[in-house]
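Inside the fold
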Amino acid sequence: MIFLSLVQLFLASITSPKKIAAFRLLPIGKVLTYVFVFVAILSILSFIQFTTELKNDSSSIVGLLDYVEDMEWILYPFAFIIQFIMSTLLIFIRISIMAYVGMLILKGWKRRGDYRHVWRTTAFAYTVPTLISIVFLFSGLSDGWITLSTTIVCVIYLALALKYYPKK
C-alpha cells in the first residue's frame, strides 16, 4: 500500500506540476518517506558505480587490487553507509536551498505560501532533476555540469508548480 502510494507520488512528480503544488498539503512524514526512498535508490545506483569504478581503476595496481579483494566484505558496507548518509545530506541541503529560491519566486509573483509548503513542493519538484543526474552520472559528465543542469531543471519545475499557489 505504501509502495503503491510512493509510485503514484513519483509518477505525478514527473508529469504534473499542478499535483506537485498540491503535494504541499501532504503530511511531512509522507514527504520525508518519499525523499528517503528516493535517496536510497540513488545511493544504491551510486554505490554500484563506485564498486565498478573501484574495480576498474584498481586493476592497474596489482597490490591495491589484492587488498581490495581481501577487504571487500568490510569496505563495501561502510562505503554504502557513508554513501547513503552523504547523499541524504546533499539532497536535503539542495531541497532546502531550492525551497528558499522558491520563496523568492513566490514573493516576486505575489503568491501565498509558507517555507514548509514550498519545501514540500521542492522535494517533489526535485524528482526529475534527480533522474537527470542519475543518467548524467553514468554518462561520465562532470559534476559541475550535472549540478548546473539539475539546478536549472529544478527551478523550472518548481516555478511551474508555484504558479498554482494561491494569489495574495
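One can find the structure itself at the top, above this paragraph.
Residues numbered from 1 in each chain as written. Predicted model: local features only at pLDDT ≥ 70, side-chain atom pairs only at ≥ 80, totals over all residues. Heavy atoms only, no water.

Glancing now at the packing of helix 5 (residues 115-125) against helix 6 (residues 127-139). Two elements in contact, helix 5 and helix 6, have axes whose closest approach is 5 Å; the angle formed by their N-to-C orientations is 35°. Here Ala 123, Phe 124 and Ala 125 of helix 5 come into contact with helix 6, specifically with Thr 127, Val 128 and Pro 129. In the contact of helix 5 with helix 6, the residues fall into five nonpolar, one polar and no charged. (Axes fitted to C-alpha atoms, helices over the stretch in contact; angles between N-to-C directions. Helix = DSSP H or I, 4+ residues; strand = E, 2+ residues; numbered from the N terminus. Contact = heavy atoms within 4.5 Å. Nonpolar A, V, L, I, M, F, W, Y, C, P; charged D, E, K, R; others polar.)

Turning next to the nonpolar core. Counting 36 residues, the largest nonpolar core has Val 35, Ile 91, Ile 95, Val 118, Trp 119, Phe 124 and Leu 162 as the members making the most contacts within it. When contributions to this core are tallied by element, the ones reaching two or more residues are helix 1 (2-15), helix 2 (17-22), helix 3 (28-58), helix 4 (62-109), helix 5, helix 6 and helix 7 (143-162). The residues contacting Leu 162, other than those within four sequence positions of it, are Gly 102, Ile 105, Leu 106, Trp 109, Arg 111 and Val 118. (Core = buried A, V, L, I, M, F, W, Y, C linked by side-chain atoms within 4.5 Å. Buried < 20%, exposed > 50% of the residue type's maximum accessible area, 1.4 Å probe, protein only.)

Within the structure shown, the criterion is met by one cavity of 30 Å³ or more. Looking at the largest cavity, its volume works out to about 70 Å³. What lines the largest cavity is simply Tyr 34, Val 35, Phe 38, Val 39, Ile 91, Ile 95, Ala 123, Tyr 126, Thr 127 and Thr 130. Listed by contribution, the elements that provide at least two residues to the lining of the largest cavity are helix 3, helix 4 and helix 6. Of all the elements, helix 3 adds the most residues to the lining of the largest cavity, at four residues. Within the lining of the largest cavity, the residues separate by chemical class into eight nonpolar, two polar and no charged. (1 Å grid on protein atoms, 1.4 Å probe; cavity = no way out; pocket = protein on both sides within 12 Å on 5 of 7 lines; lining within 4 Å. Points joined across faces, edges and corners; volume = space filled by probe spheres on them.)

Okay, the layout of surface pockets next. Taken as a whole, the largest pocket encloses approximately 450 Å³ of empty space. What lines the largest pocket is a set of 19 residues, among which Leu 42, Ser 46, Leu 90, Arg 94 and Leu 137 lie closest to the centre. Elements represented by at least two residues in the lining of the largest pocket include exactly helix 3, helix 4, helix 6 and helix 7. The element best represented in the lining of the largest pocket is helix 4, accounting for seven residues. Across the lining of the largest pocket, the residue classes tally to nine nonpolar, eight polar and two charged.

Axis angle and axis distance: for two packed helices, these are the angle between their axes and the distance between the axes, and together they describe the pair. At a minimum axis separation of 9 Å, helix 5 and helix 7 run at an interaxial angle of 130°. Here helix 5 lies oblique to helix 7, going by the angle between them. The two elements helix 5 and helix 7 meet at a crossing, and its hand is right-handed. Along its contact with helix 5, which presents Val 118, Thr 121, Thr 122 and Ala 125, the element helix 7 presents Cys 154, Tyr 157, Leu 158, Ala 161 and Leu 162. Here the contact of helix 5 with helix 7 is composed, by residue class, of seven nonpolar, two polar and no charged. (Parallel < 35°, antiparallel > 145°, perpendicular 65-115°, else oblique. Left-handed = near helix turned anticlockwise from the far one by under 90°.)

To continue, consider helix 6. With 13 residues, helix 6 should cover 18 Å at 1.5 Å per step; its first-to-last C-alpha distance of 19 Å lies within 8% of that length. Burial in helix 6 covers these residues: Thr 127, Val 128, Pro 129, Thr 130, Ser 133 and Ile 134. Among the residues trailing helix 6, Gly 140 stands out with phi positive, at a value near 90°. (Expected span 1.5 Å × (residues − 1).)

Okay, the pattern of salt bridges next. Counted by the stated rule, this structure contains one salt bridge. Between Asp 114 and Arg 116 there is a salt bridge; the shortest N-O distance is 3.6 Å. (Salt bridge = Lys/Arg side-chain N within 4 Å of Asp/Glu carboxyl O.)

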